[in-house]
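# Structural overview
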Amino acid sequence: MGEPTVSVSQRNNSLMNAPDLLRNSHVSLEIAQYEILDTPPESAFDDLARRAAEALGTTMAAISFFEHAPPASDDVAPHIKREWFKARTGLTFAALVREHCFFLPAFTATPQRPTVFVIPDALADKRFREHPLVATSPYICFYAACGIFSPTGQLLGVLSVFDTVSREVVAHELEALKNLAALAQARLEARREARGERRSSQIIAANDASSSLHVVQLKQEFSQLEQLLEDEIAIRKAAEAKLSYEQAFSDAAMQSLPRAFFMFERDGTMVRWNAQFATNTGHTAEDLATMRALDFITEDDREMVGDAIRRIFETGEEIAIEAHMRRKDGATFPYSMYGRAADLNGQRYCIGAGRYISEQKRAEREMTRAKERLDLALVGSGLAIWDWDLVNNQVFFSDNWRALLGAREVEGSRIVYPMEEVATFSHPDDHERFQAAVNAAASGSAEDFQCEYRVPGESQEWVWLHSKGKVTNRDASGHPVRMTGTTANITKRKSAEERVEFLATRDPLTGLPNRMLVNDRLEQGVANAARKRAGLAFMFIDLDRFKTINDSLGHDVGDELLKRVAARLSACVRVSDTVARLGGDEFAVILENLPGAEGRDVHEGAQHVAEKMIAALASPIMINTHHLTTSCSIGIGIYPTDGPDPKTLMKHADVAMYDAKAKGRNNYQFFSHEMNARAQERLSIENFLRLALRRDELLLYYQPRVSFLTGHVTGVEALLRWQHPRRGLITPDKFIGVAEDSGLIVPIGEWVIDNAFKQIAEWRERSGRDLRLAVNLSAGQMFDGDRLMRAITSAAQAAALDPTVV
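The structure displayed is predicted, hence computed values, not measured ones.

### Here's the deal with the overall build of the protein
- Each helix and strand counted, the protein has 24 helices and 28 strands in total.
- Scored against the burial criterion, the 806 residues of the protein give a buried share of 41%.
- In the protein, of all internal contacts separated by at least 6 residues, the share reaching a separation of at least 24 is 58%.
- Accessible area for the protein stands at about 44,100 Å²; split by element, carbon and sulfur atoms hold 53% of it.

Structure below.
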């Protein structure tokens, strides 16, 4: 089942893990501004709750708000006290304490603030299966809610819907829930503004009384402003004298700059420049005074430079560009320029500096060509290069390092990292292995560095890398000071290996361990239980009447039911226990480390889990439009009393499961030796019964039917008996059930039909009387009607009888 907005698999051991959104003191102030808590019902909110229930097809919905308790003496932030329900539809409770709030687990310590929180099946979620409103009336199984937020983004309350059956939620239902929550927020704001307008009218009346005092204050402020103006005039005169000095100083500084300096107006007219700029362009001062900024730029780059100038004047942007300039003698050369806006006396100018970059460009071209060749080689090999400076403990990565992680190139991204930071990149499970390889290379105990590890990729998914390298430089003492190597992305290879392992050990439908993996874990569990003298229980679970659901509603519904059942069974055990699917509708459970290795506690622990599983499956499961209810039969074997090894323990649990089915299904049974004796007896009967057909040990007895009117025999009923060579005559009640369970009832039934038809044909011929024959049929024969009709037709033809009058 998809989870539309928030994964419900995140742990919530304590609601104190909620982020600052729920612990900010500002929340308490904002909810108080609305004056909404503990107010009488209002039709506007009641209508929204009713519409939410109708939109999602439920009978229960509510609009609630969170009340905050005052902060403790050692904490400045308030705490959630309760969830108070302003509007309710189909609900009897008016408030929930903080520990019972359904919505608060959505706010875990993540940067994303969830809007919608959905619990598709509370019985399959360990966080909620023990909730009092789930375990008792009204037995809530489904929950969906959308937050109601203030204009500043603080959570005030939620719009919630509830249901007593598990269900899926579709996109248009979520959209309807969000829209109704937005209406609730709008009505809450309208309610607050209406109350604010009433307060404003009271404030205006109070302001009229203070207006005359305000006039007196204005007169005093005007006198102070006159004095300030006179002081400002005196300061300005002094500043003008200083400005004249500073202008002469700035001219000298501008001329002494090592780079060319220029300044021009919005239309490009040159205003100021230094001697270096005149030398670079080859123009005299008289020429420059009549020229515009773009006159120095070649035609190919003039549009680019013009756009940069426009952005400087319009937005004040600082721009550094490279373009080709033209000297007065017609020669062109690459030039690096920097420009920015300068606002002087209410007018905007562009000031900047420039320099020749001919030698730099030549060096860059050589480096670019060399880098292109290296990049082509790396792209072809799928490798990234790293260089570790052990003296400074820094690692250099080539440019395609980020591409190796599946991330796009980012300009200015770092390619040099301290080794301490590189060590933190690896997955926690790989950190020890990575650090050991690093330490071996750094200490010189290993000549080569080689390691497979995981690092976070672009979307924080884990990317598998394989790095290897060699020491390329040592100091005078022989200690390594530099190591160089390559790194390859091996995620696809690792994924393929993990997929192969998964397919070999996991059930592809439910993702649970399969028969091979459960055998391995049971062997480990038995060894652990023997070593620690701990209790261990093995459970065989078979769904009741699953074949009926699968055959009538289709395999898609059956597969979805198996996945839901797997989720509910997994929710009933601990993380350390194992739930597996053996195939079809059969499951197995390994319960390890149960208290009391040989005492009653082991049975009590297994019994508790079995009861939880039967109760979990008793709640209806909604798939598509079908409300499905299933049950299970559970057989339990306890180590070591019911089996000293995994094979025996599994066999005895299987025997107990069949005993649970024989006792009416939907129950659990512990293995007993009497149960095993009955199973051995049934197996013995089945084996001998298979030989009985070949050895011709079956007999037919015929019970006559007599007419009360004539006293004549009108027909006979064929009755099956088994003449066992050692046990003597065996009646049907001792072997018919075994024949039906093993499938032998069909060939035995065909033998009865064939021999009974031959006998009645012989009696008719000898007596000349029209005798009728009755043969008992098993339900197992009726499942394959075509085969049954072929058997009757064949036997009738062989005996020359009309089957319609037999």
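### What about unusual backbone geometry?
- The step from serine 137 to proline 138 runs through a cis peptide bond, and the omega angle for that step is 10°.
- Relative to the assigned elements, proline 138 resides in the loop between helix 4 (132-135) and strand 5 (142-149).
- For the bond from tyrosine 639 to proline 640, the omega torsion is 5°, close enough to zero to count as cis.
- Within the fold, proline 640 resides in the loop between strand 23 (631-639) and helix 19 (646-662).
- A positive phi is found at arginine 533, a non-glycine position, where the angle reads about 55°.
- Here asparagine 624, not a glycine, exhibits a phi torsion of approximately 55°, which is positive.
- As for its position among the elements, asparagine 624 is in the loop between strand 21 (621-623) and strand 22 (626-628).

### Observations concerning the pairing of strand 11 (residues 347-356)
- Pairing analysis gives five bridges linking strand 7 (residues 260-264) to strand 11, with the strands arranged antiparallel. The partner of alanine 260 across the bridge, within strand 11, is glycine 354.
- Both strand 10 (residues 332-344) and strand 11 contribute to a ladder of ten bridges, which runs antiparallel. What sits directly across from serine 336, in strand 11, is arginine 355.
- Adjacent in sequence and paired antiparallel, strand 10 and strand 11 are bridged by two residues, among which asparagine 345 carries a positive phi angle near 50°.

### So, the packing of aromatic side chains
- If you walk through the whole model with that rule in mind, you get 19 aromatic pairs.
- Look at phenylalanine 103 and phenylalanine 117: their rings are 6.3 Å apart centre to centre, the planes differ by 80°, and that puts the pair in the edge-to-face class. Of the two residues, phenylalanine 103 is situated in the loop between strand 3 (95-97) and strand 4 (116-119) and phenylalanine 117 in strand 4; the sequence distance between them amounts to 14 residues. For the residue pair phenylalanine 103 and phenylalanine 117, the accessibility class agrees, reading buried in each case.
- Centre to centre, the rings of phenylalanine 538 and phenylalanine 540 are 5.4 Å apart; their planes meet at 90°, and the pair counts as edge-to-face.
- Counting every residue linked through ring pairs, the aromatic cluster contains Phe262, Phe264, Phe277, Phe296 and Phe313.
- If you follow arginine 167 out to its NZ or CZ, it ends over the ring of phenylalanine 142, 5.0 Å from the centre.
- Geometry around tryptophan 464 places lysine 494 over its ring, the cationic atom sitting 4.5 Å from the centre.

### Observations concerning the nonpolar core
- In this structure, Met539, Phe587, Leu591, Met613, Ile634 and Ile636 are the most contacted members of the largest nonpolar core, which totals 37 residues.
- Ranked by residue count, the leading element in this core is helix 18 (residues 600-618), at eight residues.
- Ignoring anything within four residues of it in the chain, the contact list for phenylalanine 587 reads Leu512, Met539, Phe540, Ile541, Leu543, Leu562, Val565, Ala566, Leu569, Ala580, Arg581 and Leu582.
- Within the second largest apolar cluster, 31 residues are counted, among which are Leu689, Val752, Ala756 and Leu788.

### Remarks on the confidence of the model for the protein
- On average, the protein scores 80 in pLDDT, and the residues at 70 or more come to 80%.
- Of all helices and strands in the protein, the one with the weakest mean pLDDT is helix 1 (residues 20-23) (43), whereas strand 19 (residues 578-583) scores best (94).
- A low-confidence stretch, residues 1-28 stays under pLDDT 50, and its non-local contacts, those more than four residues away or across chains, total 68 contacts.

### Remarks on the sheet that holds strand 10
- The sheet built from five strands is open, its strands ordered 8-7-11-10-9 with antiparallel pairing. Each edge of the open sheet is held by one strand with a lone partner, namely strand 8 (270-273) and strand 9 (319-326). Along the sheet, successive strands turn relative to each other by an average axial angle of 30°, direction set aside.
- Inspection of the sheet shows strand 7 paired to strand 8 by three bridges, in the antiparallel sense. Across the sheet, the residue bridging to methionine 263 is arginine 272, located in strand 8.
- Relative to strand 9, helix 9 (residues 299-315) is tilted by about 145°, and along the sheet it contacts strand 7, strand 9, strand 10 and strand 11.

### Quick word on the sheet that holds strand 19
- On the basis of which strands lie adjacent, the open sheet formed by five strands has the order 19-20-18-23-24 and mixed pairing. Because the sheet does not close on itself, it has two edges, and the strands there are strand 19 and strand 24 (668-670). Geometrically, the sheet is characterised by an average inter-axis angle of 20° between neighbouring strands, direction not taken into account.
- As paired elements, strand 19 and strand 20 (residues 586-594) share five bridges and run antiparallel to each other. Its bridge partner being in strand 20, arginine 581 is matched across the sheet by phenylalanine 587.
- Contacts from helix 15 (residues 515-532) reach strand 18 (535-544), strand 19, strand 20 and strand 23 within the one sheet, and its direction differs from that of strand 20 by about 20°.

### Some words on the packing of helix 22 (residues 745-767) against helix 24 (residues 785-799)
- Two elements in contact, helix 22 and helix 24, have axes whose closest approach is 9 Å; the angle formed by their N-to-C orientations is 25°. Put simply, helix 22 runs roughly parallel to helix 24. When you trace helix 22 past helix 24, the crossing you get is right-handed. On helix 24, the residues that touch Val746, Glu750, Ile753, Asp754, Phe757, Lys758 and Ala761 of helix 22 are Arg787, Leu788, Ala791, Ile792, Ala795, Ala796 and Ala799.

### A look at the pairing of strand 19
- Counting buried residues in strand 19 gives five out of six residues, a clear majority hidden from the surface.
- Joining the antiparallel neighbours strand 19 and strand 20 is a turn of two residues, in which glycine 584 adopts a positive phi near 60°.

### A word on the environment of phenylalanine 333
- Take phenylalanine 333: it is sitting in strand 10.
- The spacing of phenylalanine 333 and threonine 298 is 35 residues in sequence and 9.4 Å in space, taken between C-alpha atoms.

### Here's the deal with the pattern of salt bridges
- Applying the stated criterion across every chain yields a total of 41 salt bridges.
- Taking the shortest distance from any N to any O, the salt bridge between arginine 129 and glutamate 130 comes out at 3.7 Å.
- With a shortest N-O distance of 3.1 Å, glutamate 452 and lysine 494 are connected by a salt bridge. With a gap of 42 residues between them, glutamate 452 in strand 15 (residues 448-456) and lysine 494 in helix 14 (residues 491-505) connect regions that are remote in the sequence.
- Residues joined in a network through salt bridges with shared partners are Asp307, Arg310, Arg311, Glu314 and Glu317.

The rules behind the values
Residues numbered from 1 in each chain as written. Predicted model: local features only at pLDDT ≥ 70, side-chain atom pairs only at ≥ 80, totals over all residues. Heavy atoms only, no water. Helix = DSSP H or I, 4+ residues; strand = E, 2+ residues; numbered from the N terminus. Buried < 20%, exposed > 50% of the residue type's maximum accessible area, 1.4 Å probe, protein only. Contact = heavy atoms within 4.5 Å. Areas by Shrake-Rupley, 256 points an atom, 1.4 Å probe, with all protein chains shown as cover. Pairing = 2+ DSSP bridges. Phe/Tyr/Trp six-rings, centres within 6.5 Å; stacked < 30°, edge-to-face > 60°. Lys NZ or Arg CZ within 6 Å of the ring centre and 35° of its normal. Core = buried A, V, L, I, M, F, W, Y, C linked by side-chain atoms within 4.5 Å. pLDDT = per-residue confidence, 0-100. Axes fitted to C-alpha atoms, helices over the stretch in contact; angles between N-to-C directions. Parallel < 35°, antiparallel > 145°, perpendicular 65-115°, else oblique. Left-handed = near helix turned anticlockwise from the far one by under 90°. Salt bridge = Lys/Arg side-chain N within 4 Å of Asp/Glu carboxyl O.

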